[in-house]
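Chain and residue survey
Now for the letters of each chain:
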Amino acid sequence: MFKKILVTGGAGFIGSNFLEYMVPRYPGIVFINFDKLTRSADPGNLEAVEGRPNYLFIRGDIADRDTVEWVIGEGIDAVVNFAAEYHEDRSMSFSGGFVMTDVVGCFNLLEAAQKFKVKRFLQVSTAEVYGSPIEEEYFGESALPDPGSRGLAAKAAADCLARAYHRSCGMHVCISRCTNNYGPYQHREKFIPAVVYRALRDEPVPIMGDGRQVRDWIYVRDHCRALELLLFKGRPGRIYNIAAEEERTNLELAGTILHILGKSSSLLNFVPGLSGYQGRCAVRPDRIKKELGWKQVHVLEVA
């Protein structure tokens, strides 16, 4: 079906795992990694696919419309858009870069995809755009976004743009909204790597607020398998939630990691919470399970 797939933000955590999974799996498809190489990206993540004949890296910014048109105009059949700036803590104090990457960048990709008749466009989003559900409830795909930060608002705006191109232009667009990932290549500032890194050095482990925020944790390769299904089999115009249904409080998960590492809970350091920080992120992945038969393989074990 596809000869060339453009993967934006492919040097980031999830994007690099996706490429490492897909490139050897589909040797007949050329995967083009288009990445600005910001602080969250690491070209070293892709050593396993560098040198393969079906992998190519181009350094560039999706906010640069001319470059985006040039790349997509070179016979791209599908776009998988990972490129985003929506780190929750940073978005509380700065919003300009988030708008340029998440909104303007996504707009540039969609415009070029429409112009050059790209067959598929997969917008990789986040379940955090839904906001926090009422206790014990879960968001389905029909729920309206209710982002609690400017960064997440920019991400939600990109999702709306993507869906609008399906409705107004007939473009084959799918949107994925996944819960928290963990796994190889994750940036050290993220929750699980940060706890491990600090604990191994006997440094204080910061826990925001009372630590009772709830997150659903999915192994990144299970997420990549879900994206593979959406890319090839997702229905146009659909939003698909992706979740492992492995909910843990931050405090519980940090305590488990400390226990596994043989470290004392006295390392836990409670710090003031941020305004707009979500208390719980919880969605149901019913659609992707029922329509496409996806299910998780890895389980987040608790000692």
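In this report, the structure presented in the accompanying data block is examined. As the structure is a computational prediction, the values presented were derived from the model and not from experiment.

**Overview of unusual backbone geometry**
Of note, the phi angle at Leu37 is positive, near 60 degrees, even though the residue is not glycine. Note on placement: Leu37 falls in the loop between β2 (30-35) and β3 (55-59). You can call Leu37 partly exposed: its relative accessible area is 22%.

**As for the packing of aromatic side chains**
Counted under the stated rule, the structure contains six aromatic pairs. Consider the rings of Phe18 and Phe82, whose centres lie 5.4 Å apart with planes at 55 degrees: the pair is tilted. Taken together, the positions of Phe18 in helix α1 (residues 13-25) and Phe82 in the loop between β4 (78-81) and α3 (88-91) put the pair 64 residues apart, joining distant regions of the chain. Taken individually, Phe18 and Phe82 each receive the classification buried, so the pair is uniform in this respect. Here the aromatic residues Phe2, Tyr26 and Phe232 are joined through ring pairs into a cluster of three or more. Just above the ring of Tyr197 sits the side chain of Arg188; from NZ or CZ to the centre is 4.0 Å.

**Some remarks on the pattern of salt bridges**
One pass over the structure, following the stated rule, counts 16 salt bridges. Two residues, Arg235 and Glu291, come together in a salt bridge whose shortest N-O distance is 3.5 Å. Residue Arg235 is located in the loop between α7 (220-233) and β10 (239-242), and its partner Glu291 is located in helix α9 (residues 286-292); the two are separated by 56 residues in the primary sequence. With relative accessibility at 30%, the residue Glu291 sits in the partly exposed group. Salt bridges sharing common partners tie together Arg235, Arg238 and Glu291.

So, how was this worked out
Per chain, residues are indexed from 1 in the order of the written sequence. Thresholds applied to this predicted model are a pLDDT of at least 70 for local features of residues and 80 or more for the giving and counting of side-chain atom pairs; totals over whole chains, interfaces and linings are not thresholded and use all residues. To get the side-chain values, take all heavy atoms of the structure and skip hydrogens and water. Working definition: helices are DSSP H or I runs of at least four residues, strands are E runs of at least two. Numbering for both runs from the N terminus. Each residue is placed in one exposure class: buried if its accessible area under a 1.4 Å probe, protein chains only, is under 20% of its type's maximum, exposed if it is over 50%, and partly exposed if it falls in between. The aromatic pairing rule takes the rings of Phe, Tyr and Trp, using the six-membered ring of Trp, and pairs them if the centres are within 6.5 Å, calling planes under 30 degrees apart stacked, those over 60 edge-to-face and the rest tilted. Whether a charge lies above a ring is judged from NZ of Lys or CZ of Arg, which has to be within 6 Å of the ring centre and within 35 degrees of the ring normal. For this document, the term salt bridge refers to a Lys or Arg side-chain nitrogen within 4 Å of an Asp or Glu carboxyl oxygen.

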